[in-house]
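# Report on the structure
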Amino acid sequence: MFDWNRSCSYDGEQKRRFHTMARSRLKKLAAELALPPGSYDLRSNKAGIAVSGEVTLHLDRAYIQVSQFGLSSGHGILIRTCKGRTDYTGGPNHFVALTMLDDIPALAAAVRAITGVGRDTARSADRHAA
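One structure accompanies this document, and this report is about it. (Residues numbered from 1 in each chain as written. Predicted model: local features only at pLDDT ≥ 70, side-chain atom pairs only at ≥ 80, totals over all residues. Heavy atoms only, no water.)

This next bit is on the environment of I104. Turning to its location among the elements, I104 is positioned in helix 2 (residues 104–115). The spatial distance from the C-alpha of I104 to the C-alpha of L26 is 8.6 Å, given a sequence separation of 78 residues. Apart from residues no more than four positions distant in its own chain, I104 is found in contact with R25, K28, L29 and E32. (Helix = DSSP H or I, 4+ residues; strand = E, 2+ residues; numbered from the N terminus. Contact = heavy atoms within 4.5 Å.)

Below is the structure:
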């Protein structure tokens, strides 16, 4: 299991692993939300040596950004609505724990609840399972 709370500051190898793992988990989140190919961007900004940088899944209506900005708070995933993939300020900030990257269905549920993204897909899957 990856230690999301191990600091990336001044640790190039940890930062590399953090970005690799976060990108992988956000790809799984996109699949869990049933996002069609081309409907989102997945970006990684490693930033400077003293910080983790961030990995962002940016949709037309929302973005999810992973970083270690809130290690002391236990939060590190920002979920926010937006108006297009060039909107970098978006709606209100909502934060969840970095460890939610280890539970993609729970993270997807949080994204759905906060942004509405993927709700139609989840309802359709529920109907088909019944």
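Once that is clear, we can look at the pattern of salt bridges. The tally for this structure, following the rule as stated, stands at six salt bridges. Across the pair E13 and R16 runs a salt bridge whose closest N-O atoms are separated by 2.5 Å. Of this pair, E13 and R16 both sit in helix 1 (residues 12–32), separated by three residues, roughly a single helical turn. With a relative accessible area of 39%, E13 lands in the partly exposed category. In this structure, the salt-bridge partner of R85 is D41, at a minimum N-O distance of 3.1 Å. Taken together, the positions of R85 in the loop between strand 4 (75–81) and strand 5 (94–97) and D41 in strand 1 (residues 40–45) put the pair 44 residues apart, joining distant regions of the chain. Linked through salt bridges whose partners overlap, the residues forming this network are E13, R16 and R17. (Salt bridge = Lys/Arg side-chain N within 4 Å of Asp/Glu carboxyl O. Buried < 20%, exposed > 50% of the residue type's maximum accessible area, 1.4 Å probe, protein only.)

Two elements in contact, helix 1 and helix 2, have axes whose closest approach is 9 Å; the angle formed by their N-to-C orientations is 65°. Note that helix 1 runs across helix 2; the crossing there is right-handed. For the pair helix 1 and helix 2, contact is made by R25, K28, L29 and E32 and by I104, P105, L107, A108, V111 and R112, respectively. Split into classes, the residues belonging to the contact of helix 1 with helix 2 amount to six nonpolar, no polar and four charged. (Axes fitted to C-alpha atoms, helices over the stretch in contact; angles between N-to-C directions. Left-handed = near helix turned anticlockwise from the far one by under 90°. Nonpolar A, V, L, I, M, F, W, Y, C, P; charged D, E, K, R; others polar.)

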